[in-house]
Amino acid sequence: AFNVGVSPSGHGFFAAAPRLLVWGGAAARARQLEWIDLETRARSTVGEPADIWQARLSPDDRSAAVTLLDPLLRTLDVFVLPLSGSVVPRRLTRAIAADSDPVWSEDGDRVLFRSLQGGQPNLFARAVDGDGSAEDTIMRSELDETATDWRDGTVLLQAPANGALDLWTFEQERSSVTEITSGGFNEFGGRWSPDQHLLAYVSDESGRPDIYVAPWP
């Protein structure tokens, strides 16, 4: 099957049985990055429209790590996109499996991402300097974690638990996982403040998705 559609989480639109394969085609979905001046509301575009799923600014605001559907291979990969000068996306991942959900390291030298290589979603990181080195394995587990922030060797995660999404931390040095939220609601999209004294996240505790801010730790 060619030109099979892909969901935002990287799952293919197909189902297989011993004698039958059913799939849904990919839909055109061009999006463009824009800067918006919060005072004047002036807009300026960055690069060309593309099938962009996620975008994360680097710590110095000079680049964006984006999840992009490759127009030729029809695979989800992570690209680094300069936000000034020659705006040409540079491929960071090359696996045939879906690579998505980029998160920058605190110094901006590496990007952590979720990959389905091997059939199981795990977390990897790769240097952004383009030296061609292999990715580093950050975390392997069966929880289906997605990273949302990364500071000082600690990864902020969202993962399913007891039928809902919860927030977790993973300390690389000790390889330890700690659950942060467990209230029976969906909590996701966690981000630390620049000084790491606050944690912002999304929760549907009120019956709709709202943003909450809590002290950290």
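In this text, all values refer to a predicted model and were calculated from it rather than measured experimentally.

A. Geometry of the layout of surface pockets. Here the largest pocket is characterised by a volume of approximately 370 Å³. Looking at the largest pocket, it is lined by 18 residues, and the ones nearest its centre are Val 4, Val 6, Arg 74, Thr 75 and Ile 96. In the lining of the largest pocket, the residues fall into eleven nonpolar, six polar and one charged. The space that makes up the second largest pocket amounts to roughly 270 Å³. Along the walls of the second largest pocket sit 15 residues, with Arg 56, Leu 57, Pro 59, Asp 149 and Arg 151 positioned nearest its centre.

B. How the structure looks around a nonpolar patch on the surface. Together, Phe 14, Leu 21 and Trp 23 line one region of the surface with nonpolar side chains, adding up to about 330 Å² of accessible area. You can call Leu 21 partly exposed: its relative accessible area is 39%.

C. Summary view of the confidence of the model for the chain. Here the chain shows a mean pLDDT of 90. Residues at 70 or above account for 97%. The weakest mean pLDDT in the chain belongs to strand β4 (residues 43-50) at 89; the strongest belongs to strand β18 (residues 198-203) at 97.

D. The nonpolar core, seen in detail. Core analysis: the biggest nonpolar cluster contains 14 residues, and Leu 112, Leu 123, Ile 138, Ala 147, Val 155 and Leu 157 have the highest contact counts within it. For this core, the secondary structure elements donating two or more residues are β11 (122-127), β12 (136-139), β13 (146-151), β14 (154-161) and β15 (164-171). Sort the elements by how many residues they give to this core and β14 lands first, with four residues. The residues touching Ile 138, leaving out its near neighbours within four places in the chain, are Arg 110, Leu 112, Leu 123, Phe 124, Ala 125, Val 155, Phe 170 and Gln 172.

E. Region of interest: unusual backbone geometry. Look at the link from Trp 216 to Pro 217: it is a cis peptide, with omega at -5°. By the element assignment, Pro 217 lies in the segment after β19 (210-215). For Arg 41, which is not glycine, the phi dihedral falls at a positive 65°.

F. Molecular detail of the pattern of salt bridges. One pass over the full model with this rule turns up eight salt bridges. Here Arg 126 makes a salt bridge to Glu 135, at a shortest N to O gap of 2.5 Å. In this structure Glu 135 comes out as partly exposed when scored by relative accessible area, which is 24%. Note that Arg 151 is salt-bridged to Asp 149, the shortest N-O span being 3.6 Å. Looking at Arg 151, the relative accessible area reads 12%, which means it is buried. A relative accessible area of 6% means that Asp 149 is categorised as buried.

G. Expanded view of the packing of aromatic side chains. Enumeration over the complete set of coordinates arrives at three aromatic pairs. Taken together, a centroid distance of 5.9 Å and an interplanar angle of 15° make the contact between Tyr 201 and Tyr 212 stacked. Here Tyr 212 lies in strand β19 and Tyr 201 lies in strand β18, a separation of eleven residues in the sequence. Exposure remark for Tyr 201: the relative accessible area of 15% places this residue in the buried category.

Criteria and thresholds
- Residues numbered from 1 in each chain as written.
- Predicted model: local features only at pLDDT ≥ 70, side-chain atom pairs only at ≥ 80, totals over all residues.
- Heavy atoms only, no water.
- 1 Å grid on protein atoms, 1.4 Å probe; cavity = no way out; pocket = protein on both sides within 12 Å on 5 of 7 lines; lining within 4 Å.
- Points joined across faces, edges and corners; volume = space filled by probe spheres on them.
- Nonpolar A, V, L, I, M, F, W, Y, C, P; charged D, E, K, R; others polar.
- Patch = residues over 30% accessible without salt bridge, like charges linked within 9 Å, V, L, I, M, F, W, Y side chains within 5 Å.
- Areas by Shrake-Rupley, 256 points an atom, 1.4 Å probe, with all protein chains shown as cover.
- Salt bridge = Lys/Arg side-chain N within 4 Å of Asp/Glu carboxyl O.
- Buried < 20%, exposed > 50% of the residue type's maximum accessible area, 1.4 Å probe, protein only.
- pLDDT = per-residue confidence, 0-100.
- Helix = DSSP H or I, 4+ residues; strand = E, 2+ residues; numbered from the N terminus.
- Core = buried A, V, L, I, M, F, W, Y, C linked by side-chain atoms within 4.5 Å.
- Contact = heavy atoms within 4.5 Å.
- Phe/Tyr/Trp six-rings, centres within 6.5 Å; stacked < 30°, edge-to-face > 60°.

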